[in-house]
Amino acid sequence: MSYSQHYERSFVRTFFTSPTAVEGKDDSAAMLRRAAQLRGMEAPDVWVPDNEDATAPSMRDEGAENIIDVVSEHGADVPGEIHPRVVWHRDSPETRFQGFQHMLEIADPDRGALEHLDGFVIPEVGDIDDWKKADEFLTIVEREHGLEERRLSMSVIVESGQAELALADLRDEIGKPTNNLERLFLLVDGEVDYTKDMRAITSTGGLPPWPELRHNTSRAASANGLIAVDGPYDDIRDVDGYHERMTDNRMKGMLGIWSLTPGQVIEANESPLPPATGQWLLDVGDRNVELVDTGGRYACEGDDLELTTIGEGTYEVDTGDGVRKLDADELHDTLVELTEYVPSLSDIVDSMEQFEAAKEAGEGAIAMERSATLEIGDVTVSITSDRMWDEATYQAAKTPIDLFQDVYEHRPDQRETLQERYGESVVERAMNVG
Amino acid sequence: MSYSQHYERSFVRTFFTSPTAVEGKDDSAAMLRRAAQLRGMEAPDVWVPDNEDATAPSMRDEGAENIIDVVSEHGADVPGEIHPRVVWHRDSPETRFQGFQHMLEIADPDRGALEHLDGFVIPEVGDIDDWKKADEFLTIVEREHGLEERRLSMSVIVESGQAELALADLRDEIGKPTNNLERLFLLVDGEVDYTKDMRAITSTGGLPPWPELRHNTSRAASANGLIAVDGPYDDIRDVDGYHERMTDNRMKGMLGIWSLTPGQVIEANESPLPPATGQWLLDVGDRNVELVDTGGRYACEGDDLELTTIGEGTYEVDTGDGVRKLDADELHDTLVELTEYVPSLSDIVDSMEQFEAAKEAGEGAIAMERSATLEIGDVTVSITSDRMWDEATYQAAKTPIDLFQDVYEHRPDQRETLQERYGESVVERAMNVG
Amino acid sequence: MSYSQHYERSFVRTFFTSPTAVEGKDDSAAMLRRAAQLRGMEAPDVWVPDNEDATAPSMRDEGAENIIDVVSEHGADVPGEIHPRVVWHRDSPETRFQGFQHMLEIADPDRGALEHLDGFVIPEVGDIDDWKKADEFLTIVEREHGLEERRLSMSVIVESGQAELALADLRDEIGKPTNNLERLFLLVDGEVDYTKDMRAITSTGGLPPWPELRHNTSRAASANGLIAVDGPYDDIRDVDGYHERMTDNRMKGMLGIWSLTPGQVIEANESPLPPATGQWLLDVGDRNVELVDTGGRYACEGDDLELTTIGEGTYEVDTGDGVRKLDADELHDTLVELTEYVPSLSDIVDSMEQFEAAKEAGEGAIAMERSATLEIGDVTVSITSDRMWDEATYQAAKTPIDLFQDVYEHRPDQRETLQERYGESVVERAMNVG
């Protein structure tokens, strides 16, 4: 199933929410207006005027009006997609009705916002029959306003055990003639409310990591051609923690994340892109030490790995697990095993081009070699590692390139930054490979 | 879905099993009799006279009689609920019939145990159709004895891959007119038999941690308004290990655990309650160091974090990842990032009251501040951290208070201990908040 | 459900793939021919002539012919089962048709391979309806060639989110009158393609660990009487890493793994068998230190645990978490808690025999004791630990013995190695216990 079947974007890195109406300000729509004017790395792939949790209940009718005003005025220039969040709750018919009314208003073509609007975000969904209720309201909105069926996409926030279970039912229900669930776009985790719904407790009040929820969300996205997005990371000042969470998410196939501030948007837009320069790592004990490029050689600074020459071609190495004596060959093999390489965008393009050439020449699998000269303590060693690439390896390695191409194509406002970061020729080759 | 829809208790901390008949004793019911007379923190929320694995097969008919005798005599005074476990196996019709017969006897109103009996525990269930067989027997028992439908609850032990899969089917089956699965109460994991059923092997013979099983059990409880309970921790002397397991379970929303001894009951009754005094932690490397309260200041003893003044407003800090130089502002931010606070019951009540007041004043989100003066090495630093609280944060923080209120209300025999632990005024405020 | 209901083997340790046709060689079937002649620990439990990813697309018709030739000639002497992998893809009808044609040819009784053939491996399956398509083709192959229904088993490679979801549907679909899914044999994970399908990214290009996928595969095997096998470990030189992965898999009930080389086959055939001699471990910080047997005493070499006598019956111990003073009893209890024992095959047989004797004497649970004299620093301590064994413990402990018996029975070519490793009397007792 193609990820771009229903929507332009195959990848969404950033999901940025803005309060729709703030009380006691001259202009209650000020935050919305400011968010609509973000550009470049500060602008999200998906912008979410949030008429639910970020906005006080008493301000939500005004919030719906503000969405209409701001999207009508600025929507044409917003670089990402626009998906307002309306109110919804699996346990509350009146909340659902309120959400329906707001969607009906916001999507009214006579009000001017519709043409810039991509879809709606539905929070607090329950099991799959509850998802269908929201889908049905969207179908009615479309008919009422004379829109094409499925003109409006629907994204859901998974923040209950019921909704997590629905993720596994989705593939059986999508495509049935009595619903329009093909309109689904994003599956977004909402860990704060999920934690409440699961009645979990942590001693400090912090959120549990919920690895199974994120796996199940990513799997449902994969099985149904949708896009998985992680929930908010509310410790806004902890930039390292935000990056660790995104790295962990990417290993689960969840490439997008909620952003609460323009600063988080920048981090989350840039994080999934391959680095501009490659990096050798040394795996010492339970952490990875970055080797420092000293003009073509890679040095291990600090004392994480102790390596000494104790005689002609004899070495003593201490990796923290005890001291071992090694000869030159053993040393080479040990270092090959301890080192890892983080390829740059240019490295990935190189490998893909090499494999494509080999495939054209009739080869099914080739060994990709990588060499480096390491300096550790008083010892200089040249190492060479290789890895077999076949069609499957090639396909799996292609994901960051697919992401890069999707960003470059759909976010012209970020092209300059990408060209500065990688250089024009690498960008051009990255756009032509695959 | 309300957790107290069908049953009085919304939380179950402890599930304590007792053999129903021990051979070669003067009184084969002695252990049962002793367990029935436990009170206070030694008494479990759910007491399980165990006519299955804890009792030899040849003693189980006598065991059923012992349950009737002991529950008739002592049941009125047992502070928790009473749920005998009968025999059952998804692969054995004769075992299922034996379980049915024992339930029929034990629940006979003329025998005197019924009025103190809350339900039955069914072990070794298979897929959802097997759960329905047990439910049907309970329906027949109820009709046969002239009881109201669903008078008897049913709890199941999840100890097979089939039963784990059934957890995801439950919400589609519960409420169908041909079953009474709404009688379900506890979902209890049974890791020993589960390990056998999954054919898992560990080198030492210890049990695997099965994180996915516990997640799936907790999720099914959440989605169906039930209560999740973890299986036995059989290394009885390892109190630290038992607490670590319970902490991990709470992060999954699984607040109850099996207890094999009155000592484990005490630990498991107390573990999920918030502490009486708050605690600052310092996150150093891969562990949390508790700071020591030295009369209003919090000191870091030992050498986990090295901090030295190296000049006017310049500091050197070593967190184990290498030495860094920091100015006063950087030091403050670093320490804010490294410290965490474990709130006491009183702290949680404070925060909830603050948020409730703010909400009444029309605010949707407020910053909760917390300050402390830390003493590390020769340096004294005052830090202030804040965290945004909105409705969702408030709701998620409320779980330990809900638990506390449930315990206080339903376990009068534990009130004195709670008052001694927290002080009367904190207990009173905790009962009134939320 | 019995694991040996449909097939001879209840356990599969090794799944070894060989390219069916390599271009540019004198004999394109050379690798296939060599693999067919592996014996003993180098020979896999399941041998997979791989007409999919290991073979170039242009060579696959020749590959199918090579399978027929080599299996006809050598199949009778291959010690394991033979399950060729054919092409298949959930998204490509022409690939599915090609796979069907190859199966029709290879299973033609007139061609001579069939009598040595156990089944086929189907890669890249999608949801359960896609599995049924492959099953249906096998039913047609069987009818076309006049074979008994379900004569050919079917194993699938789980390498998409859709297929992972199908694992949970299997038990509802297996046994329906319009399919023959009872022919299922192995559920094999394929992490390279799965990573692509999930669109996961790691910085180094290595595979994510996918713990949930492996759990779900193992659970489906358990619930449906099938056998779970992990995917390829492509860092062939990293023997330690391969063993760590297998240890982790065994804790999930996944006892088999893909092998890419005869060297990996040896490791994977031996790894799940219990060790020939027991081993005491000391759990220090985050790792396990093996104690060294010094003639009946077990010594802790190195400085992982520091223990000193500081007076008459007073000791100082440093486990890395800080120094504590202990008296003799506390020292004993601390060491009991820190030590673990890895039982040998002989130890497991001993314990099972002891429990069987106790059960015959009417006991339901007995304490298994284990004693040792430890030498740490200048201190010699004798410790005794015990563990309660009941029927469930016995059943769970039995898995490695069931595996051993299955191997000994079905792999006569490995008996000599087993006898050398364990000694004849231990092997004989292991074959008679349980």
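Residues numbered from 1 in each chain as written. Chains lettered and ligands numbered in written order. Predicted model: local features only at pLDDT ≥ 70, side-chain atom pairs only at ≥ 80, totals over all residues. Heavy atoms only, no water.

You'll find chain A entered in an unreviewed UniProt entry as Malate synthase, with Natrarchaeobaculum aegyptiacum given as the organism. Listed under Cofactor (unreviewed entry) in UniProt, the entry text for chain A is "Mg(2+)". (UniProt positions renumbered as here; feature names shortened; annotations may be inferred.)

Quick look at the relation of the copies chain B and chain C now. Once turned by 120° and shifted 0.0 Å along the axis, chain B lies on chain C with an RMSD of 0.1 Å. The relationship between the two copies is best expressed as a three-fold rotation axis. If distances are taken from each C-alpha of chain B to the rotation axis, the shortest is found for E212 of chain B, at 4.1 Å. (Least-squares fit on C-alpha atoms with pLDDT ≥ 70 in both.)

Our next topic: the sheet that holds strand β1 (residues 14-19) of chain C. Residue and element names in this part refer to chain C. Pairing within the open sheet is parallel, and its eight strands lie in the order β3-β2-β1-β8-β7-β6-β5-β4. One side of each edge strand has no neighbouring strand; the edge strands of this open sheet are β3 (81-82) and β4 (119-122). As paired strands, strand β7 (residues 227-230) and strand β8 (residues 256-259) are joined by two bridges and run parallel to one another. Along β8, the bridge assignment pairs V229 with G256. Contacting β5 (153-158), β6 (184-189) and β7, helix α7 (residues 211-224) crosses the sheet at an angle of about 175° to β6. (Pairing = 2+ DSSP bridges. Helix = DSSP H or I, 4+ residues; strand = E, 2+ residues; numbered from the N terminus. Contact = heavy atoms within 4.5 Å. Axes fitted to C-alpha atoms, helices over the stretch in contact; angles between N-to-C directions.)

Okay, the interface of chain B and chain C next. Each partner contributes residues to the interface: chain B has 32 residues there, and chain C has 37 residues. Across the chain B-chain C interface, the total number found is four salt bridges. Our count for the contact surface shared by chain B and chain C stands at nine residue pairs in polar contact (both at pLDDT 80 or more). Secondary structure elements with two or more residues in the side of chain B that touches chain C: α5 (161-173), α6 (191-197) and α7 (211-224) of chain B. The element contributing the most residues to the side of chain B that touches chain C is α6 of chain B, with five residues. Broken down by class, the residue content of the side of chain B that touches chain C amounts to ten nonpolar, seven polar and 15 charged. (Salt bridge = Lys/Arg side-chain N within 4 Å of Asp/Glu carboxyl O. Polar contact = N/O pair within 3.5 Å; in protein donor to acceptor, adjacent residues only side chain to side chain. Nonpolar A, V, L, I, M, F, W, Y, C, P; charged D, E, K, R; others polar.)

Attention now moves to the relation of the copies chain A and chain C. Put simply, the two copies of the chain differ by a rotation about an axis and a shift along that axis. Least-squares fitting of chain A to chain C yields an RMSD of 0.0 Å, with the superposition described by an axial translation of 0.0 Å and a rotation of 120°. The fraction of interface residues of chain A whose copies in chain C are also interface residues is only 5%, indicating that the copies meet through different surfaces.

Before going further, it helps to spend a moment on the interface of chain A and chain C. The interface is formed by 37 residues belonging to chain A together with 32 residues belonging to chain C. Summing both sides of the interface, chain A and chain C together bury roughly 3000 Å²; the carbon and sulfur share of this comes to 52%. Among the residues chain A hides against chain C, the three largest losses belong to H215, R219 and M251 of chain A. Together they make up 19% of the total. For the pair chain A and chain C, the interface holds four salt bridges. Across the pair R387 of chain A and D234 of chain C runs a salt bridge, and its minimum N-O distance is 3.6 Å. In this structure, the connection of chain A to chain C is made through nine residue pairs in polar contact (both at pLDDT 80 or more). No other element matches the seven residues that helix α7 (residues 211-224) of chain A contributes to the side of chain A that touches chain C. Looking at the side of chain A that touches chain C residue by residue, the class counts come to 17 nonpolar, nine polar and eleven charged. (Buried area = accessible area lost by both parts, 1.4 Å probe.)

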